[in-house]
Amino acid sequence: VRNVAISQVYPDESNPRKADTVRLGLLKLSLKKLGYIQPLFVTKEGLLLSGHQRTKVSGEIGFKQVPVIVVGLTEEQRRGINLVFNRATNDFTAFDTGSKAAGRLDLEDLIKAAEALPDFEGEQWFALNCKTEPLAALVQGEAERYDKKATNMALVPFRMGIKIPIVASQSGRLVNGVYRAFAALESGETSWPVIRIPDAQAEVALNFLNYLSMDF
């Protein structure tokens, strides 16, 4: 993961994701309080594969840099990649949608919890601290959350050579990426890229990362 100037990335005009005003506002609040936890994924030319809405909001906030992972995909692999990332980066079950997930949130409480956090200072994002860690400890106690279809969806980017980081708190709570962890283990992986965040931000981050997905 490395920082690049926001001017070096540009949107995929075929991105079908729909954003509403409320979710964009919550996304802006998330970035102000947490900065970038998950990096953007881009081609070597700077075409966004994941993170269109975050990039848009970042420009409005005034961020000058964004964290990216550069991946190489064929033209065929790029088709529908937005949907792949949407499903693989949220801890959704096979039957979840962005609307259903958001419906489980108490937005008033989430906003209060987020606003109580200090503003994120600078642009040394949590995403930049990504390191490879053993998987076993991360999934300990998570077996009851296993969902075969969601795990299979998490396998899709991995088969393209893309490892989307798992997010965990400093004390070990798995914040985002349970199905990526299951998929990695089923593929024989014993370690995976992990982004650690402070415990104080973990609950707010869990809700923002997992339940505020934009629908297609």
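Values in this document were obtained by computation on a predicted structure and should not be read as measured data.

Novice: In this structure, what is going on with the pattern of salt bridges? I would like to understand it.
Specialist: Two side chains carrying opposite charge are able to pair once their charged atoms lie near each other. With the rule as written, the count across this model stands at eleven salt bridges. For Glu-60, the salt bridge is made with Lys-56, and the minimal N-O distance between the two is 3.5 Å. A residue pair is termed a helical-turn pair when its members lie 3 or 4 positions apart in one helix, as Glu-60 and Lys-56 do in helix H2 (residues 52–61) at four residues. Residue classification places Glu-60 among the partly exposed residues on the basis of a relative accessible area of 47%. A salt bridge links Arg-78 to Glu-75; the nearest nitrogen and oxygen atoms lie 3.9 Å apart. Within this pair, Arg-78 and its partner Glu-75 are both found in helix H3 (residues 75–78), separated by three residues, close to a single helical turn. The structure contains a network of salt bridges with shared partners spanning Lys-28, Lys-56 and Glu-60.

Novice: Just checking my understanding: could you explain the sheet that holds strand S4 (residues 65–70) for this structure?
Specialist: Adjacent strands of a sheet form backbone hydrogen bonds with each other and so pair up, either parallel or antiparallel. One open sheet accounts for four strands, arranged S1-S4-S2-S3; its pairing is mixed. The sheet is open, and its two edges are formed by strand S1 (2–5) and strand S3 (48–50), each paired on a single side. Averaged over all adjacent pairs, the angle separating strand axes in this sheet is 55 degrees, with direction ignored. The sheet contact formed by strand S2 (residues 40–42) and S4 spans three bridges and is parallel. Counted as the bridge partner of Phe-41 is Ile-69 from S4. Strands in contact with H2 are S2, S3 and S4; relative to S3, the strand with the most contacts, it is inclined by about 115 degrees.

How each quantity is defined
Residues numbered from 1 in each chain as written. Predicted model: local features only at pLDDT ≥ 70, side-chain atom pairs only at ≥ 80, totals over all residues. Heavy atoms only, no water. Salt bridge = Lys/Arg side-chain N within 4 Å of Asp/Glu carboxyl O. Helix = DSSP H or I, 4+ residues; strand = E, 2+ residues; numbered from the N terminus. Buried < 20%, exposed > 50% of the residue type's maximum accessible area, 1.4 Å probe, protein only. Pairing = 2+ DSSP bridges. Axes fitted to C-alpha atoms, helices over the stretch in contact; angles between N-to-C directions. Contact = heavy atoms within 4.5 Å.

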